[in-house]
Amino acid sequence: MKFLYTFLTSLLVAIAVSKIIANSEKSELPSYIINDDIALNHHTKINFDIQSQVKPSPVGQEQLLNDYKNIWAHLNHLYTTNEVSAGKKYYTEEFFDALCRQFQKSPQWVQRHDREHHLILTHYSRNGLLAILHDSLVILEYDFPNQQKRIEKVEVAIALIYQGEHWRLDALNIKPIKRIKKL
Amino acid sequence: MYTKFIPIILLILLWSCRPIEPLEIVWDSQYDSYPICSQEMVLKGENLEGIQEVYLYTSVQNSPMDFKTENDTIHIKSKDNTNCFSGPAFIIVSTDLQKVVLPFEIPSEDQVLIQNDFRTPKTLNTDSLVAQQSIVYEIGTHRSLLPQAKHYAQETYYQFTPKDTTLRAREGDPKTAFYIEAGSVKDIKITLINPKANTQKYIKSNLLQDSYGNTIRNGTEGKLFITSKSGTQILRSYSQEGIMKFPLPNTIALPVNAYLEIGAYRSKPLKIMSL
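Because the structure is a prediction, the values reported are computed rather than measured.

> How should the confidence of the model for chain A be read in this particular structure?
Any residue range with low pLDDT should be treated as having predicted coordinates unsuitable for detailed reading. Averaged over all residues, the pLDDT of chain A is 90; the fraction at 70 or higher stands at 95%. When mean pLDDT is compared element by element in chain A, strand S1 (residues 45-50) of chain A scores highest at 97, while helix H1 (residues 2-26) of chain A scores lowest at 79.

> Whenever I open this one, the nonpolar core confuses me. Can you help?
Soluble, globular proteins show a tendency: their nonpolar side chains are buried together. In terms of nonpolar packing, the biggest core is built from 40 residues, with Leu160 and Leu169 of chain A touching the most fellow members. Looking at which element gives the most residues to this core, the answer is helix H3 (residues 58-81) of chain A, with seven residues. Look past the residues within four positions of Leu160 of chain A in its chain and what remains in contact with it is Leu64, Tyr68, Ile71, Leu129, Leu130, Ala131, Leu133, Trp167, Arg168 and Leu169 of chain A. Counting residues in each nonpolar core, the second largest holds 22 residues, with Ala89, Ile91, Val93 and Val100 of chain B among its members.

> Can you walk me through the interface of chain B and chain A in this structure?
Where interface size is given, it is often the accessible area lost as the parts come together that is meant. At the interface, 55 residues of chain B touch 57 residues of chain A. Buried area between chain B and chain A, summed over both chains or domains, comes out near 4,900 Å², and the portion from carbon and sulfur atoms is 58%. Joining chain B to chain A, the criterion identifies one salt bridge. Of the charged contacts, one joins Arg143 of chain B and Asp170 of chain A as a salt bridge, the two residues approaching to 2.8 Å between their closest N and O atoms. The tally of links from chain B across to chain A stands at 23 residue pairs in polar contact (both at pLDDT 80 or more).

> Explain the environment of Gln163 of chain A to me, please; I cannot follow it from the model alone.
Residues and elements named next belong to chain A. Along the chain, the position of Gln163 falls in strand S4 (residues 149-163). For Gln163, a relative accessible area of 34% gives the class partly exposed. If we ignore the near neighbours within four places in the chain, the residues touching Gln163 are Thr92 and Arg168.

> What am I meant to see in the sheet that holds strand S13 (residues 165-168) of chain B here?
Whether parallel or antiparallel, the strands of a sheet pair through hydrogen bonds between backbone atoms. Residue and element names in this part refer to chain B. Pairing is mixed across the open sheet formed by three strands, whose spatial order is S9-S14-S13. Two strands bound the open sheet, and with one partner strand each, they are strand S9 (123-125) and S13. Taking the axes of each pair of neighbouring strands and ignoring which way they run, one obtains an average angle of 20 degrees across the sheet. Note: S13 against strand S14 (residues 177-181), four bridges, orientation antiparallel. When the sheet's bridge partners are listed, Arg168 is paired in S14 with Ala177.

> I tried to follow the side chain of Asn70 of chain A on my own but got confused; where do I start?
Residue and element names in this part refer to chain A. Here Asn70 is to be found in helix H3. We classify Asn70 as buried; its relative accessible area is 16%. Excluding residues within four positions of it along the chain, Asn70 makes contact with Ala39 and Tyr90.

Rules used throughout
- Residues numbered from 1 in each chain as written.
- Chains lettered and ligands numbered in written order.
- Predicted model: local features only at pLDDT ≥ 70, side-chain atom pairs only at ≥ 80, totals over all residues.
- Heavy atoms only, no water.
- pLDDT = per-residue confidence, 0-100.
- Helix = DSSP H or I, 4+ residues; strand = E, 2+ residues; numbered from the N terminus.
- Core = buried A, V, L, I, M, F, W, Y, C linked by side-chain atoms within 4.5 Å.
- Buried < 20%, exposed > 50% of the residue type's maximum accessible area, 1.4 Å probe, protein only.
- Contact = heavy atoms within 4.5 Å.
- Buried area = accessible area lost by both parts, 1.4 Å probe.
- Salt bridge = Lys/Arg side-chain N within 4 Å of Asp/Glu carboxyl O.
- Polar contact = N/O pair within 3.5 Å; in protein donor to acceptor, adjacent residues only side chain to side chain.
- Pairing = 2+ DSSP bridges.
- Axes fitted to C-alpha atoms, helices over the stretch in contact; angles between N-to-C directions.

Laid out in structure tokens, this is it:
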């Protein structure tokens, strides 16, 4: 009887511990607690100009630029790894849905770095929740397998919506400045 | 005894040290311009036997491609879930030891999937200018921001007539609704309603309207200040169809002066001598 009691108690404790471990693996910390290493380790140079009729405050400009840099950090990470969820706090729900259509693991053959930006704020909503930006010259550097490198000059148009304490990417258009030569 | 295997071992070693045949791949000559991301692409090349994987790198994501080799030709096709983001793109063909990179370009889309009309503010008040900012931008199938006549969005300022109403930026889409609301009350008047004896007495306002004749919103708060020798009593009420009613307490010590205050405006005092 004593043996049966000990066995049942141990079984219940084991089930409770396994449940706790299983739940702790599933739970996700709020984004403001997690250190965003991808954004922290990203460095680029941005020249910024405002041409919109409505202008953001100096604090608003700083946040817009910071989030823009972080968006590029996550776009580069996504480019290499296809990890859609790493930068999800920088995408609107609709953009995230579009990314999630394609989430196969990547072989990580190519790395991309954004070296320089010439950013113009063309439209800014009066309530500070929408920004349309035109990055007239972005220098992108690609590291291919076998130590090959390539530099592309592109222009980028981007629509950002301010949601949940971040500017989030809603739509973008990337266009090479010079036509790319076919091999 | 083992010496007879030496030539065989040497032969195997010699075969394994042979130079790797380079993988040579180019776009098929049928392409005057770039291949289309969502359609089958054709590549030509040599030594295609060892191809293991083909990947498409768009400007945002990368994706494995379905491929089929026939003699000197590779037919590749993107999968159904591939996002063809516009911009510089690469096809990478991989064997065990080599990778060939083929750059090309995915042009901007021209098919509009969504048109976002972002209005600010959403609620207008006739006290202000009744002017609204509209920023319209269009999104294509693969979340591409589509070019407009000038820039990538169109900004317009609308001036509305100061009439209390609900409008929509896009017909038939309730999510795009915005509102023009009545402003501050222009003229406040109160009267004593004194029906038959032993029934409830109350003070009633006129029809409360703003400067443009719009009836104020239901639920607007008003305060009735009743001042007598013994002090001031404040009664609160909320408008219904532009009218406010304040039932008077039976304990009221006459005579009293009463006035109604709504926001920053108030009525002329009403003197009540008897009930």
